[in-house]
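An overview of the molecular structure
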Amino acid sequence: MKIAVCIKRTPDSESRFRIAASGAAIDETGLKFDIDDFASYAVEAALQLNEKAGGGETVVYALGPDTVQESLRKAMSMGADRAVHLKADAVPADGLAIAKALAAELASGGYDLILFGKHAFDSSAGVVGTAVAELLGLPCVTAASELKIENGAGMARRELEGSAEMLTFPLPAVITIDEGVARPRYPSLKGIMAAKKKPLESKPAQLGAVRVTAQKAELPPERPAGRIVGEGVTAIPELVKLLQNEAKVL
Amino acid sequence: MANVLVFAEARGGELRKIALEAVTAARQLADATGGGDVHALLVGAPGIAAKATQLGTYGADVVFVAEGAEFATFARESVAATLAERAKAGSYRAVVIGFSAQGRDLGPRVAAKLDAPIASDVTEIAASGDTLTVKHPGYANKVVLTLVLSGPMAVISVRPSAFTAKENAKAARVEVVAAVPASTPVVTITEVKEGAKGRPDLGDAPIIISGGRGLKAAENFKLVEDLADAFGNAAVGATRAVTDDGWRPHSDQIGQTGRQVSPQLYVAVGISGAIQHLAGMRTSKTIVAINKDKEAPIFKVADYGIVGDVLEVLPAFTAAVREARKGQG
Ligand SMILES: Cc1cc2nc3c(=O)[nH]c(=O)nc-3n(C[C@H](O)[C@H](O)[C@H](O)COP(=O)(O)OP(=O)(O)OC[C@H]3O[C@@H](n4cnc5c(N)ncnc54)[C@H](O)[C@@H]3O)c2cc1C
Ligand SMILES: Nc1ncnc2c1ncn2[C@@H]1O[C@H](COP(=O)(O)O)[C@@H](O)[C@H]1O
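Summarised in this report is the structure supplied together with it. (Residues numbered from 1 in each chain as written. Chains lettered and ligands numbered in written order. Predicted model: local features only at pLDDT ≥ 70, side-chain atom pairs only at ≥ 80, totals over all residues. Heavy atoms only, no water.)

1. Examining the overall build of chain B
For chain B, the helix and strand inventory stands at 9 helices and 18 strands. Relative to the 2.2 N^0.38 estimate, which gives 20 Å for 329 residues, the radius of gyration of chain B is 21 Å and therefore close to what a compact globule would have. Taken over the C-alpha atoms alone, chain B extends approximately 60 × 45 × 40 Å along its principal axes. Across the 329 residues in chain B, those meeting the buried criterion constitute 58%. Restricting the contact set of chain B to residue pairs at least 6 apart, pairs at least 24 apart contribute 64%. Per element, the accessible surface of chain B, about 12000 Å² overall, is 51% carbon and sulfur. Taken together, the 35 basic and 34 acidic charged side chains of chain B have centroids lying 3 Å from each other. (Helix = DSSP H or I, 4+ residues; strand = E, 2+ residues; numbered from the N terminus. Rg over C-alpha atoms; globule rule 2.2 N^0.38 Å. Buried < 20%, exposed > 50% of the residue type's maximum accessible area, 1.4 Å probe, protein only. Contact = heavy atoms within 4.5 Å. Areas by Shrake-Rupley, 256 points an atom, 1.4 Å probe, with all protein chains shown as cover. Lys, Arg positive; Asp, Glu negative; His and termini not counted. Charge placed at Lys NZ, Arg CZ, Asp CG, Glu CD.)

Spelled out as structure tokens, the structure:
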């Protein structure tokens, strides 16, 4: 199968964040960056589907400044065959604008499947994949927690609140990947070496008007410091009293 | 003065809590523009029209109802097409949707159809002139972003529980509209697997009892269930360690890669408090933690901590809650 995976480069989710001097973004100094978590599940899902099919091509796309090439190389070291870098000075906060630029590029790719993460860690938005599907007029499963392709047709599972849908869909299709589909592999040394020779094409992104911008970034208020009520069963009466009189939840 | 269109989510013939919250958010936005009208779109299986008056109670001036047998389950493509068609028919300042499982799917589809900028998982909305300004917790709730959306119409999806549904009765006019069929190839729903019955969803529950690896074995989740029962209307959550081990379904997972919740009370039992777990529950109003390790990071965010063995403390806590709730009905 011919599979495209769109990946975003985001800071490590374990990072401690500070706000940049501009007050409108995080301070990136000292942060570790990698492929965003859900997009890395999507890369793994693509690799496994093609391994199971015994062939095909996995192509990774990233829109952003030159630094995103590092994420594209990482995906190739996991096993992706080639990469496309859509060059932009910065990644906008406008998910639909990103989707348009990616869709313009993906439209002529002849892909059976186009995969995304269900949302990116930094934007925490979940817009780009589903919007690309809409722009390309393709069927889309948003946040699939299981994914199978058999005899040219797809099957997926999607969690709703308190229930789950089992879905089938025709190819080509767009799927955004939730946790549970696949755990990303670590690149092997051989994979890392091979990735250096794999093709990485870089071209300008067709970014149109950007209509969503970040005006301010703030750290959320800290919770007041925790309090230990006591030890073991003997602390229960005090806890119950606090829940009744102070928290008023009982 | 501008009108706002809101998607009123229903499931199983009932309005969801998020529908009323979204109407409240839309009402706030319409008022902020100088007092426009709120128009709600209600889509569902035949009979759903009966729920339209309830939307009026929460501030909808007009309720458009599209009924169709296909809406017994989430016919996403035609729901999106119907919503976009409705949005084009009026001149709306914004389309407000809940950031629920359905809403996450609808928002980007509708934004693309309308070529309107979109902001997801929004906790506050303000309007001024040509721009909408929203707050959205990004970076898995670690950084709060203020986003500015330009253009005549925007799609805003609102975070569950961020807007408290408020009664604001309007004599809602009900108008029947035709459902718009999907124009693209669709996904087919072959089955809907219902989860455990009798408990509220994690997103709706005022109280969540959540268990971690400290419970030691899947069977010990019975103790968590018992405490949830003692509280009466509590939901049960879990950490990724637990869902990975298959003790609980993936859909119960709370955290950065699972559900993000904000209940009145969150009880964390046998949970270490890893940063990815905290990302999903740190905005809970009151947090209680039970852990045998007094250095566990969960105690840093817990309003009330008990250091102890969950297998001993939980049954005693459950009994005490039962006792305290006796006679409360
Ligand atoms: C990219 C990424 C995403 C992630 N997303 C999530 C997510 O969404 N949600 C999530 O939960 N995790 C997530 N994780 C995993 C997270 O890092 C932790 O591994 C996980 O939350 C730990 O679960 P736990 O607290 O149940 O287990 P542990 O960390 O093993 O903690 C068990 C706790 O139980 C206590 N304990 C043991 N025995 C007893 C006893 N008898 N009585 C009382 N206490 C006892 C221990 O002191 C310990 O604190 C993610 C990790 C990564 C890398
Ligand atoms: N700049 C980008 N380049 C490539 N893919 C992206 C980019 N931004 C987002 N994506 C993809 O879209 C998914 C959802 O992102 P978002 O809509 O921002 O939550 C991510 O997990 C990626 O798969």
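The rest of the description comes next.
2. Some words on the sheet that holds strand β16 (residues 265-269) of chain B
Two strands in a sheet stick together by hydrogen bonds in their backbones, pointing the same way (parallel) or opposite ways (antiparallel). Judged by pairing direction, the sheet is parallel, and its 6 strands sit side by side in the order β13(A)-β18(B)-β17(B)-β16(B)-β14(B)-β15(B) without closing on themselves. Edge positions in the open sheet fall to β13 (228-231) of chain A together with β15 (234-238) of chain B, since each of these has one partner strand only. Mean inter-strand twist for the sheet, computed between neighbouring axes without regard to direction, equals 15°. Across the face of the sheet, helix α5 (residues 221-231) of chain B comes into contact with β14 (207-211), β15 and β16 of chain B while running at roughly 155° to β15(B). Seen against the sheet, helix α9 (residues 310-325) of chain B touches β16, β17 (286-291) and β18 (304-307) of chain B and runs at an angle of roughly 135° to β17(B). (Pairing = 2+ DSSP bridges. Axes fitted to C-alpha atoms, helices over the stretch in contact; angles between N-to-C directions.)

3. Regarding the site of ligand 1
For ligand 1, the set of nearby residues contains 26 residues, the closest of which are Arg213(B), Lys216(B), Thr239(B), Thr257(B) and Gln276(B). Around ligand 1, the neighbouring residues derive from chains A and B rather than from a single chain. Between ligand 1 and the protein, one listed contact pairs an oxygen atom with a backbone N or O atom of Gln256(B) at 3.1 Å. When the free accessible area of ligand 1 is taken as 980 Å², the share hidden by the protein chains comes to 81%. The set of elements that each furnish at least two residues to the shell around ligand 1 consists of α6 (240-244) and α7 (275-281) of chain B. (Near = heavy atom within 4 Å. Polar contact = N/O pair within 3.5 Å; in protein donor to acceptor, adjacent residues only side chain to side chain.)

4. As for the site of ligand 2
Residue and element names in this part refer to chain A. Every one of the 20 residues lining ligand 2 counts as a neighbour, but Cys6, Ser123, Gly126, Val127 and Val128 are closest to it. Here an oxygen atom of ligand 2 sits 2.8 Å away from a polar atom, N or O, in the main chain of Ala120. When ligand 2 is considered free in solution it has 480 Å² of accessible area, and contact with the protein chains removes 99% of it. Mapped by element, the contributors of at least two residues to the shell around ligand 2 are β4 (57-64), α3 (95-106) and β6 (113-117). It is β4 that provides the largest number of residues to the shell around ligand 2, a total of 3 residues. Here the shell around ligand 2 is composed, by residue class, of 14 nonpolar, 4 polar and 2 charged. (Nonpolar A, V, L, I, M, F, W, Y, C, P; charged D, E, K, R; others polar.)

5. Quick word on the interface of chain B and chain A
At the junction of the two partners, chain B supplies 89 residues and chain A supplies 81 residues. In total, about 7200 Å² of surface goes out of reach between chain B and chain A, with carbon and sulfur atoms giving 54% of it. Looking only at chain B, the three residues that lose the most surface to chain A are Tyr139(B), Lys142(B) and Tyr304(B), adding up to 10% of its buried area. Taken together, the links from chain B to chain A amount to 10 salt bridges. One salt bridge in this structure joins Glu161(A) and Arg11(B), with 2.6 Å as the shortest N-O distance. The tally of links between chain B and chain A comes to 50 residue pairs in polar contact (both at pLDDT 80 or more). Among the residues forming the side of chain B that touches chain A, the class breakdown is 41 nonpolar, 25 polar and 23 charged. Judged from the 3 bridges that link them, β13(A) and β18(B) form a sheet pairing that is parallel. Within β18(B), the position partnered with Gly230(A) by the bridge is Ile306(B). (Buried area = accessible area lost by both parts, 1.4 Å probe. Salt bridge = Lys/Arg side-chain N within 4 Å of Asp/Glu carboxyl O.)

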